[in-house]
Amino acid sequence: MRLILIIMLLLAPVTWADPEMLESAPQTPAFPQAVNLATNISSAFSSDLPTGSGQSLLPHLQCIFTEMKRDFTVQVMPWRRAYQDVKSNRIDGFFTAIPMRQVDPYAVLSAPMVLENWYWFWRPDTIAPESWREGYRLGSILGSQQETWLAEAGYRVDMSGNNLPQMIKLLQGKRIDVILADREHFFRAATELKLNPDNFQSRFFRYVPLGVYFNEQFLNNNPDFLTAFNKNITQCATGHFAISEFEKMQIRELLQRKIERWKRLPKLEEFLQAQNQKNKRLSRREIDERDKKWIAAFQENDFAYPLKLVDQELSAQLREIKKQSLDTITEIIVTDARGLNLAISDMTSDYWQGDEAKFTEAYGKSATTLYFGDITYDESTKRFQIHLSVPLYTEEKFEPLGTMIFGVDVEKVLSQAQ
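Here the structure is a predicted model, which means the values were calculated and not measured.

Draft legend 1. View of the packing of helix H1 (residues 59-67) against helix H7 (residues 225-235). Taken N-terminus to C-terminus, the directions of H1 and H7 make an angle of 130°; their axes are 9 Å apart at the nearest point. Taken together, the axis directions place H1 and H7 in an arrangement best described as oblique. Note that H1 runs across H7; the crossing there is right-handed. Across the interface between the two elements, His60, Leu61, Ile64, Phe65 and Glu67 from H1 touch Phe225, Phe229, Asn232 and Ile233 from H7. Residues that form the contact of H1 with H7 fall into these classes: six nonpolar, two polar and one charged.

Draft legend 2. Layout of the state of the cysteines. Counted according to the given criterion, the structure contains one disulfide. With a sulfur-sulfur separation of 2.0 Å, Cys63 is cross-linked through a disulfide to Cys236. Judged by the sign of its S-S torsion, about -75°, the bond between Cys63 and Cys236 is left-handed. Of this pair, Cys63 sits in helix H1 while Cys236 sits in the loop between H7 and helix H8 (245-262); the two residues are 173 residues apart in sequence, bridging distant segments of the chain. The partly exposed category is assigned to Cys63, whose relative accessible area is 27%.

Draft legend 3. Here's a closer look at the packing of aromatic side chains. Applying the stated criterion across every chain yields a total of 29 aromatic pairs. Seen in terms of ring centroids, Trp79 and Tyr83 are 6.5 Å apart; in terms of plane orientation they differ by 10°. Their pairing is stacked. Here the residue Trp79 and the residue Tyr83 both occupy positions in helix H2 (residues 79-87), the gap between them amounting to four residues, near one helical turn. Take Trp79: its relative accessible area is 8%, and that puts it in the buried class. Taking 5.3 Å as the distance between ring centres and 50° as the angle between the ring planes, the aromatic pair formed by Tyr83 and Phe94 counts as tilted. Taken together, the positions of Tyr83 in helix H2 and Phe94 in strand S4 (residues 93-97) put the pair eleven residues apart, joining distant regions of the chain. Overall, Tyr83 belongs to the buried group, its relative accessible area being 10%.

Draft legend 4. Broad picture of H2. Here H2 has its buried residues at Trp79, Ala82, Tyr83, Asp85 and Val86. Where H2 terminates, the next one or two residues include Asn89, which has phi positive at roughly 65°.

Draft legend 5. Quick look at the pattern of salt bridges. By the definition in use, this model includes 16 salt bridges. Taking the shortest distance from any N to any O, the salt bridge between Asp158 and Arg156 comes out at 3.0 Å. As a salt-bridge pair, Lys358 and Glu356 come within 3.4 Å of each other at their nearest N and O atoms. Overall, the relative accessible area of 13% leaves Lys358 in the buried class. The network of salt bridges with shared partners includes Arg123, Asp125, Arg137, Lys174 and Asp177.

The rules we used
- Counting from 1, residues in each chain are numbered in the order their sequence is written.
- Only residues with pLDDT of at least 70 get local features here, since the model is predicted, and only at 80 or more are side-chain atom pairs given and counted; chain-wide, interface and lining totals rely on the full set of residues.
- Heavy atoms from the whole structure form the basis of all side-chain values; hydrogens and water molecules are not counted.
- Only the contacting stretch of a helix is used when fitting its axis, a line to C-alpha atoms as for every element, and angles between N-to-C directions run 0 to 180 degrees.
- Note on conventions: DSSP H or I runs of at least 4 residues are helices, E runs of at least 2 residues are strands, and numbering of each starts at the N terminus.
- The cut-offs work like this: below 35 degrees is roughly parallel, past 145 is roughly antiparallel, 65 to 115 is roughly perpendicular, and the gaps in between are oblique.
- Here a crossing is taken to be left-handed if its near helix is turned anticlockwise relative to the far helix by less than a right angle, and right-handed if that turn runs clockwise.
- Note on definitions: a residue-residue contact is assigned when non-hydrogen atoms from the two residues lie within 4.5 Å.
- Each residue is assigned to one of three groups, with Ala, Val, Leu, Ile, Met, Phe, Trp, Tyr, Cys and Pro labelled nonpolar, Asp, Glu, Lys and Arg labelled charged, and all others, Gly among them, labelled polar.
- Disulfide assignment relies on a single distance test, namely cysteine sulfur atoms paired within 2.5 Å.
- For every residue, the accessible area obtained with a 1.4 Å probe (protein chains only) is divided by the maximum for its type, and the residue is called buried under 20%, exposed over 50%, and partly exposed between those limits.
- Between the rings of Phe, Tyr and Trp (Trp by its six-membered ring), a pair exists once the centres lie within 6.5 Å; its type follows the angle of the planes, with under 30 degrees stacked, over 60 edge-to-face, and the other angles tilted.
- For this analysis, a salt bridge means a side-chain nitrogen from Lys or Arg found within 4 Å of a carboxyl oxygen belonging to Asp or Glu.

Structure, rendered in structure tokens:
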């Protein structure tokens with residue numbers, strides 16, 4: 001399923017500032033120094049799918065620029081021209097784009113605005129190899145992000161088309177052997193063709209963050225622009241990066257049995273009962289004070305205070321689980337009944353988890369609960385992570401004790417689930 005942070009609407013071939021298209025649109029104040037952007041009307045789904053009129057263009061970008069008190073214009077052009085116009089400073093940026101080596105020397109990519117979920121799709125009569133690089137005919141949509149990525153990665157595209165329904169027809173007609181596409185787009189296109197998308201074979205490839213590439217000269221002239229733009233991406237968001245039900249099922253199949261075993265670590269119940277007894281009379285003010293001290297210590301890389309508050313024996317067991325997972329598990333936290341850290345595999349940014357969904361959506365819930373948080377993207381490590389949370393209970397009386405929270409590298413676990 002395509003994971004969307006904004007409402008991505010296709011553009012008619014006009015600029016944002018076209019007065020005829022915006023005649024009936026709600027007017028926003030005109031700000032000086034308009035930012036000149038470009039895009040390509042073709043999407044990863046279809047290049048000819050109409051999706052509305054000019055006054056409803058790009059509400060997320062409009063929100064961002066309004067918050068920044070900046071005006072902007074949008075013009076439609078082929079990607080290759082957009083790359084050249086950014087390089088030659090004729091435009092300030094283009095969207096939405098994947099990270100591209102040929103563009104990085106003269107432009108900077110914003111934080112993700114869209115998160116796509118790329119899969120390989122092929123016919124059931126084709127034997128899937130470890131790699132589609134050699135001996136298989138690849139198809140791609142002209143001007144799509146997949147075409148750009150395949151070219152950069154050294155794949156040979158044997159046949160191109162204008163949209164995804166056309167590519168699926170070529171696949172079904174055996175003129176190509178495989179397509180790289182966003183999963184939600186593929187399913188939607190197959191359904192439009194009255195084909196059952198489940199009749200095609202598929203394999204998860206990767207998540208792909210899409211953002212806006214801003215020309216480096218523009219950013220040098222506007223040094224605070226990118227920080228403000230990235231901040232407002234989140235503030236103007238209409239949703240979150242959510243994992244699909246299909247992927248939840250795959251992750252459950254891979255991790256559920258292991259998690260059930262980890263919930264019964266030696267002495268875990270004993271440690272939790274002792275901490276719950278010790279902390280049950282803590283006031284909210286005392287919890288907040290501990291949390292503030294922990295956060296300050298984390299920011300200063302001084303972990304003497306936080307380490308006094310967690311059980312070292314249990315933390316060592318959590319580190320061993322993480323090590324054995326071969327980087328599938330990125331962190332593990334055990335909390336008590338108040339949401340306070342009892343044990344940690346890695347230093348956490350805060351001490352109290354009790355006000356966060358990863359605790360509240362698991363603690364005291366059904367014993368089979370496996371709560372999935374939203375996908376987060378770490379720009380520094382280029383990793384996509386989700387938090388999985390499970391409730392912890394006493395074995396005999398089935399009384400709630402706390403929670404166990406797992407940070408999971410979602411790309412690695414889905415790659416293993418294939």
